[in-house]
Amino acid sequence: MNRTYFKTIVFGILILTFTNCKAQTDEKLNPKINSENYYEYYQSGGIKSTTTNWLRRHEAVPIIIDELEKLGFKTKQYILYELENGEQIILDVYNRENDLGIVFNTGHFASIKKDQRNTQTYKQDKFKVSGSLGKRKVYENLPKNIIVLQETWYWYQTQSSPNDKLLNKKTAENILREDIRKQLTELKN
């Protein structure tokens, strides 16, 4: 194989890769999908291969901060917060003025089911000085001023070619924003 031919093939692969990546990142918000109906858009099986993924903490926390700041809240990240019983948890986002905290519970179920939105349990891993995993503390009920959000709620799907019938990442991010606004409204009442 000569060098020019090899370079042409490599260049072609790079162009295809770039084009595929652009199709996935050029997503637009789907106005038909919201936090009330998005489970109806879950697709499994079918002719095209569909990949399901979830918003991770490192993606969700900046969105949470942005949404709270749009609503006039000044925030801090990763605050050690003491509960009334003396236990301490790490809040992903905290507003001191209103004593408002948000935790984003990592981990997700392998299957997508609407009833998972009812889960309010928060799990915090503790680590030993050596860095190994220690005990996991499970909180069934946190105080009302702490909003619990679950990674498993914020799923999205992709296919090799754009599909406006799928719940895309941009729409999943918007559902997270909707949930923050709803939770804050419920706290005020």
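Below is a short write-up of the structure. Once a new chain begins, its residue numbering starts again from 1 and follows that chain's sequence as written. In keeping with the predicted nature of the model, local features appear solely for residues at pLDDT of at least 70, side-chain atom pairs appear and are counted solely at 80 or more, and the whole-chain, interface and lining totals rest on all residues. The side-chain numbers reported here are obtained from all heavy atoms of the structure, hydrogens and water having been left aside.

1. Considerations on the packing of helix α2 (residues 57-70) against helix α3 (residues 169-188)
Short version of the rule: Each axis is a line fitted through C-alpha atoms, taken for helices only over the stretch in contact, and angles between the N-to-C directions span 0 to 180 degrees. Runs of E in the DSSP output that reach at least two residues are strands. Runs of H or I that reach at least four are helices, and both are numbered from the N terminus. Here the word oblique covers every angle except those under 35 degrees (roughly parallel), over 145 (roughly antiparallel) and from 65 to 115 (roughly perpendicular). By convention, the crossing between two helices is left-handed when the near helix turns anticlockwise from the far helix through less than a right angle, and right-handed when the turn is clockwise. Residue contacts follow a heavy-atom distance rule, with two residues in contact if any of their heavy atoms lie within 4.5 Å.
Taken N-terminus to C-terminus, the directions of α2 and α3 make an angle of 50 degrees; their axes are 10 Å apart at the nearest point. Considering their axes alone, α2 and α3 lie oblique with respect to each other. Between α2 and α3 the crossing geometry is right-handed. Across the interface between the two elements, E59, A60, I63, I64, D66, E67, L68 and K70 of α2 pack against K169, E173, L176, R177, I180, R181 and L184 of α3.

2. Focus: the layout of surface pockets
One way to see where empty space is left: roll a probe the size of a water molecule over the atoms. Stated precisely, the cut-off is as follows: Note on definitions: the grid is 1 Å and covers protein atoms alone; a cavity is a set of points where a 1.4 Å probe fits but cannot get out; a pocket is an open set with protein on both sides within 12 Å along at least five of seven lines; lining residues have an atom within 4 Å of a point. Grid points are joined across faces, edges and corners, and a volume is the space filled by probe spheres set on the points. Three classes are used, and their members are as follows: Ala, Val, Leu, Ile, Met, Phe, Trp, Tyr, Cys and Pro are nonpolar, Asp, Glu, Lys and Arg are charged, and the others, Gly among them, are polar.
Reported here for the largest pocket is a volume of approximately 560 Å³. Along the walls of the largest pocket sit 24 residues, with Q120, V148, W153, Q183 and E186 positioned nearest its centre. Going through the elements one at a time, β7 (146-150) and α3 are the ones with two or more residues in the lining of the largest pocket. Looking at the lining of the largest pocket element by element, the count peaks at five residues for α3. Of the residues that constitute the lining of the largest pocket, the class distribution is 11 nonpolar, five polar and eight charged. Volume-wise, the second largest pocket comes out at about 420 Å³. Listing elements by their share of the lining of the second largest pocket, those giving two or more residues are β3 (88-95) and β5 (122-127). Ranked by residues supplied to the lining of the second largest pocket, first place goes to β5 with five residues. Partitioned by chemical class, the residues of the lining of the second largest pocket number five nonpolar, nine polar and five charged.

3. Brief notes about α3
Each full turn of the α-helix corresponds to 3.6 residues, which orients residues three or four apart in the same direction. Short version of the rule: The span one expects for a helix is its residue count, reduced by one, times 1.5 Å. Each residue is placed in one exposure class: buried if its accessible area under a 1.4 Å probe, protein chains only, is under 20% of its type's maximum, exposed if it is over 50%, and partly exposed if it falls in between. Any pair of N or O atoms that falls within 3.5 Å is considered a polar contact. Within protein, one atom must be able to donate a hydrogen and the other to accept it, and sequence-neighbouring residues count only if both atoms are side-chain atoms.
Taking 1.5 Å of rise per residue, 20 residues should cover 28 Å, and α3 covers 29 Å from first to last C-alpha, within 8% of that figure. Listed in full, the buried residues belonging to α3 are T171, A172, E173, I175, L176, R177, E178, D179, I180 and L184. Close packing links the buried residues of α3 with α2, β4 (100-105), β7 and β8 (155-158). For α3, the N-terminal cap is N168; the gap from its side-chain oxygen to the backbone nitrogen of K170 is 3.2 Å.

4. Thoughts on the sheet that holds strand β2 (residues 76-82)
Keep this limit in mind: At least two bridges found by DSSP between two strands are what make those strands a pair.
Here we have four strands laid out as an open sheet, ordered β2-β3-β4-β7, and mixed in their pairing. Of all strands in the sheet, those bounded by a partner on one side alone are β2 and β7. When the angles between neighbouring strand axes are averaged without regard to direction, this sheet yields 40 degrees.

5. Overview of the nonpolar core
We apply this condition: For the purposes of this section, nonpolar cores are sets of buried Ala, Val, Leu, Ile, Met, Phe, Trp, Tyr and Cys residues that join through side-chain atoms within 4.5 Å.
Counting residues in each nonpolar core, the largest one holds 29 residues, and the members touching the most others are Y38, I64, L68, L149, Y154, L167 and L176. Broken down by secondary-structure element, the contributors of at least two residues to this core are α2, β4, β7, β8 and α3. Of all the elements, α2 adds the most residues to this core, at six residues. Counting residues in hydrophobic clusters, the runner-up holds 11 residues, among them Y81, Y94, V103 and Y139.

6. Digging into the side chain of E178
Under the convention used in this document: The convention is simple: Lys and Arg are positive, Asp and Glu are negative, and His and the chain ends are not counted. Note on definitions: salt bridges are taken to be side-chain nitrogens of Lys or Arg within 4 Å of carboxyl oxygens of Asp or Glu.
Within the element layout of this structure, E178 appears in helix α3. Within the buried set, E178 has no salt-bridge partner at all; the shortest N-O distance to an opposite charge, 4.1 Å, is to K182. A distance of 2.7 Å separates polar atoms of two side chains, one belonging to E178 and the other to S35. Beyond its immediate stretch of four places on either side in the chain, E178 contacts N34 and S35.

7. Some thoughts on the packing of aromatic side chains
The condition that has to hold: Classification of ring pairs uses Phe, Tyr and Trp, with its six-membered ring standing for Trp, and accepts pairs whose centres are within 6.5 Å; under 30 degrees between planes counts as stacked, over 60 as edge-to-face, and the remaining range as tilted. Either the NZ atom of lysine or the CZ atom of arginine qualifies as a charge over a ring when it sits within 6 Å of the ring centre and within 35 degrees of the ring normal.
What the rule picks out here adds up to eight aromatic pairs. Residues Y81 and Y94 carry aromatic rings whose centres are separated by 5.6 Å and whose planes lie at 55 degrees to one another, so their mutual orientation is tilted. Within this pair, whereas Y81 is found in strand β2, its partner Y94 is found in strand β3, the two being separated by 13 residues in sequence. The residues Y81 and Y94 share a single accessibility class, namely buried. Ring geometry for W153 versus Y154: centroids 6.0 Å apart, planes at 65 degrees, classification edge-to-face. The burial state of W153 is the same as that of Y154; both residues are buried. Here the basic side chain of R117 rests over the ring of W153, its NZ or CZ set 5.1 Å away from the ring centre. Sitting above the plane of the Y139 ring, K137 keeps its charged end 5.4 Å from the centroid.

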